[in-house]
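Listed here are the chains, written in short residue letters.
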Amino acid sequence: MSTIVGISTAPGIGGIGIIRMSGENTFNILDKIFVPKNKQPIEDIKGYTIKYGHIIQNDEIIDEVLVSYFKAPKSYTTENMCEINSHGGNLIIKKILEICLKNGAEMAEPGEFTKRAFLNGRIDLAQAESVIDVINAKSEREVKSGIKQLEGFLSKEIKEIKQDILDVLVNIEVTIDYPEYDTPEVQEKEIKNMLEKIGKKLTKLEKSFDNGKIIKDGIKTAIIGKPNAGKSSLLNAILKEDRAIVTDIAGTTRDTIEEFVTINGITLKLIDTAGIRESKDCVEKIGIQKSIEEAKDADLIIAIFDSSKELDKEDLEILKLIKNKKSIILLNKSDLKNVLDENNEIFKNTSKNILKISALNKTGLEELYNKITEMFNLNEINLDNDVLITNIRHKNIIAKAIENVKLANKAILDSMPIDIIAIYIKQILDDLGEITGEVVTEDIINEIFSKFCLGK
Ligand code: GDP
């Protein structure tokens, strides 16, 4: 494989910049451009060491740097690698990159270092995919679940299921080779039992996706309510919490503003309906209209009412809207004289969670967060022991594998010949190989790594 080079630090001015090189010729190239202070010959430098010295071009010092050496196979990619720690200015980093290119390195594509780690067999595809999850993580839980996957938790689970499948296939082979060994009935029963066990494990993994998705993408939360109920104030109160980590993601697929906020380890993907209303400067009815649109595919609706006023027709529309959705009713403006409380006949009939808050005074927020944690069973997700699926690609593959378990079962019920049943079972094995990467097309691999950042 060629020797690649890329800038691993984010663009912009920083204390240091890191230029990474990987491939057979790494040290030959480095030898041409780097002079260690003690002039130690490059072949004497051991892996896992750092040398201080200068990057040189045409006898001119370009920068004062530290270089880390990683000798194959003990490196991120398993190839010869080095990381040049230069000063963190854009110009200097680019200059060093250029010098590496001039001396024979090729520009790395996004994710190419991690792709090599995968292609060279150091990590499997699921582990490689988790690298990007860790980098993009918005909450501590997400980092933790990404690290678990990187450490191979999911891969281990998949490997165990694959072993179960191999056991079934061995069982079938024995039947084909030695038909006198067992009666077909005993055989079928055994295979069915084994398939049931495999199906259960796969279903558990598939179900974990809902929790995994919440950890990864956050709880998609729409705050809805009539104009002046206090949507913006609530949003501001949440976003300005001392403990909130706010990530702005503007301009997503629809014309909404989405903001990620992580509080107590819960990520809420807030759909800013209030922002839309304000920015477009339309009033009244549009509040409800927008609410309807936003509520459609939210995981959670926070319906906010002004408790200093009686409910009106528009409020009733909102209650209708949340009827069959996971939702919380907030009675806002609890600091004012309340005419509306949870004992109101209309609320009593909703069997919804009702909380009093004052968005203005920021009271009642803690109860709101606790309620959300409770509603999504977030305290019950055990990140230390549970294997969670967080990636839609994995979820789809597992769903396909479950289908093939069903088909294999049906083939047994339909008394199909054993070698036909074996074909379905082998398919389950292939399906799972797509997660770990043994059975995967180049297109899929390229698509996965194209989502990575440069230099990773
Ligand atoms: P939105 O139209 O639903 O986004 O409502 P806003 O957040 O813009 O609030 C409308 C008005 O109600 C503003 O004047 C806010 O200051 C006021 N308001 C919001 N929440 C509270 C609250 O908890 N108590 C009081 N007294 N006023 C509030």
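Not measured: the values here are computed from a predicted model.

(A) Quick look at the overall build of the chain. Within the chain one finds 16 helices and 14 strands. The C-alpha radius of gyration of the chain comes to 29 Å, more than 25% above the 23 Å expected for a compact globule of 456 residues. Along the three orthogonal principal directions, the C-alpha set of the chain runs to about 85 × 80 × 35 Å. The buried share among the 456 residues of the chain stands at 50%. Restricting to contacts in the chain with at least 6 residues of sequence separation, those with at least 24 account for 68%. Summing over all exposed atoms, the chain offers an accessible surface of approximately 22900 Å²; the carbon and sulfur share of this is 52%. Within the chain, one finds 63 positive and 75 negative side-chain charges whose respective centroids are separated by 4 Å.

(B) Expanded view of the nonpolar core. Among the nonpolar cores identified, the biggest contains 33 residues, and Ile219, Leu234, Ile238, Leu330, Leu368 and Ile372 are the most heavily contacted of them. Residue assignment for this core shows that the elements contributing at least two residues are α7 (184–217), β8 (219–224), α8 (231–239), β10 (258–263), β11 (266–271), β12 (300–306), β13 (327–332) and α13 (365–375). When sequence neighbours within four positions are dropped, the list of residues in contact with Ile219 reads Ile214, Ile266, Thr267, Leu268, Lys269, Asp299, Leu300, Ile372, Phe376 and Leu378. In terms of nonpolar packing, the next biggest core, distinct from the first, is built from 31 residues, Phe209, Ile397, Ala422 and Ile435 among them.

(C) Just a nonpolar patch on the surface, in detail. A cluster of nonpolar side chains, namely Ile50, Tyr52 and Leu66, defines an oily patch on the protein surface of about 280 Å² accessible area. Among the secondary structure elements, Leu66 is positioned in strand β5 (residues 60–70). Here Leu66 falls in the partly exposed class, since its relative accessible area comes to 39%.

(D) Fine view of the pattern of salt bridges. Taken as a whole and judged by the stated rule, the model has 24 salt bridges. Across the pair Asp315 and Lys226 runs a salt bridge whose closest N-O atoms are separated by 3.3 Å. One end of the pair, Asp315, is in helix α11 (residues 313–322); the other, Lys226, is in the loop between β8 and α8, with 89 residues separating them in the sequence. Here the two residues Asp315 and Lys226 agree in accessibility, since each one is buried. As a salt-bridge pair, Glu345 and Lys348 come within 3.9 Å of each other at their nearest N and O atoms. Of this pair, Glu345 and Lys348 both sit in helix α12 (residues 345–348), three residues apart, which is roughly one turn of that helix. Using a relative accessible area of 52% as the deciding quantity, one classes Glu345 as exposed. Linked through salt bridges whose partners overlap, the residues forming this network are Glu79, Glu112 and Arg116.

(E) How the structure looks around the pairing of strand β6 (residues 81–87). With six of seven residues buried, β6 lies mostly within the body of the structure. Here strand β2 (residues 16–22) runs beside β6; their pairing, made up of seven bridges, is antiparallel. Across the sheet, residue Ile19 finds its bridge partner in β6, namely Ile84. In terms of strand pairing, β5 meets β6 through five bridges, oriented antiparallel. Paired with Val67 across the strands is Ile84, a residue of β6.

(F) Focus on empty space enclosed by the protein. Scanning the entire structure with this criterion turns up five cavities of 30 Å³ or more. One number sums up the size of the largest cavity: a volume of about 90 Å³. Taken together, Ser145, Lys148, Gln149, Phe153, Leu154, Leu383, Asp386, Val387, Leu388 and Thr390 form the lining of the largest cavity. Among the elements of the structure, α5 (140–150) and α6 (153–177) are those that each provide at least two residues to the lining of the largest cavity. Split by residue class, the lining of the largest cavity holds five nonpolar, three polar and two charged. Lining the second largest cavity are Ser139, Arg141, Ile214, Ile215, Gly218, Ile219, Gly265, Ile266, Thr267 and Leu378. Residue assignment for the lining of the second largest cavity shows that the elements contributing at least two residues are α7 and β11.

(G) Structural context of α6. Over its 25 residues, α6 extends 36 Å from the first C-alpha to the last, a length consistent with the 36 Å expected when each residue adds 1.5 Å. Inspection of α6 places Leu154, Ser155, Ile158, Ile161, Lys162, Asp164, Ile165, Val168, Leu169, Asn171, Ile172 and Thr175 among the buried residues, and these make up the whole buried set.

(H) Molecular detail of the environment of Ala128. Structurally, Ala128 is set in helix α4 (residues 125–136). Ala128 gets classed as buried once you look at its relative accessible area, which sits at 0%. Along the backbone, Ala128 and Glu188 are 60 residues apart, and their C-alpha atoms lie at a distance of 38 Å. Dropping the residues within four chain positions of it, Ala128 is found in contact with Thr114, Phe118, Ile123, Phe449 and Phe452.

(I) Region of the structure containing the state of the cysteines. One pass over the full model with this rule turns up zero disulfides. Unpaired in terms of disulfides, Cys82 finds its nearest cysteine sulfur in Cys100, a separation of 6.8 Å. Since its relative accessible area comes to 0%, Cys100 is described here as buried.

(J) Region of the structure containing the side chain of Glu129. On the secondary structure map, Glu129 appears in helix α4. Not counting the four nearest positions on each side in its chain, Glu129 is found in contact with Asn391, Arg393, His394, Ile435 and Ile448.

Rules of the game
- Residues numbered from 1 in each chain as written.
- Predicted model: local features only at pLDDT ≥ 70, side-chain atom pairs only at ≥ 80, totals over all residues.
- Heavy atoms only, no water.
- Helix = DSSP H or I, 4+ residues; strand = E, 2+ residues; numbered from the N terminus.
- Rg over C-alpha atoms; globule rule 2.2 N^0.38 Å.
- Buried < 20%, exposed > 50% of the residue type's maximum accessible area, 1.4 Å probe, protein only.
- Contact = heavy atoms within 4.5 Å.
- Areas by Shrake-Rupley, 256 points an atom, 1.4 Å probe, with all protein chains shown as cover.
- Lys, Arg positive; Asp, Glu negative; His and termini not counted.
- Charge placed at Lys NZ, Arg CZ, Asp CG, Glu CD.
- Core = buried A, V, L, I, M, F, W, Y, C linked by side-chain atoms within 4.5 Å.
- Patch = residues over 30% accessible without salt bridge, like charges linked within 9 Å, V, L, I, M, F, W, Y side chains within 5 Å.
- Salt bridge = Lys/Arg side-chain N within 4 Å of Asp/Glu carboxyl O.
- Pairing = 2+ DSSP bridges.
- 1 Å grid on protein atoms, 1.4 Å probe; cavity = no way out; pocket = protein on both sides within 12 Å on 5 of 7 lines; lining within 4 Å.
- Points joined across faces, edges and corners; volume = space filled by probe spheres on them.
- Nonpolar A, V, L, I, M, F, W, Y, C, P; charged D, E, K, R; others polar.
- Expected span 1.5 Å × (residues − 1).
- Disulfide = S-S within 2.5 Å.

By themselves, these figures tell us nothing about what the structure is for.
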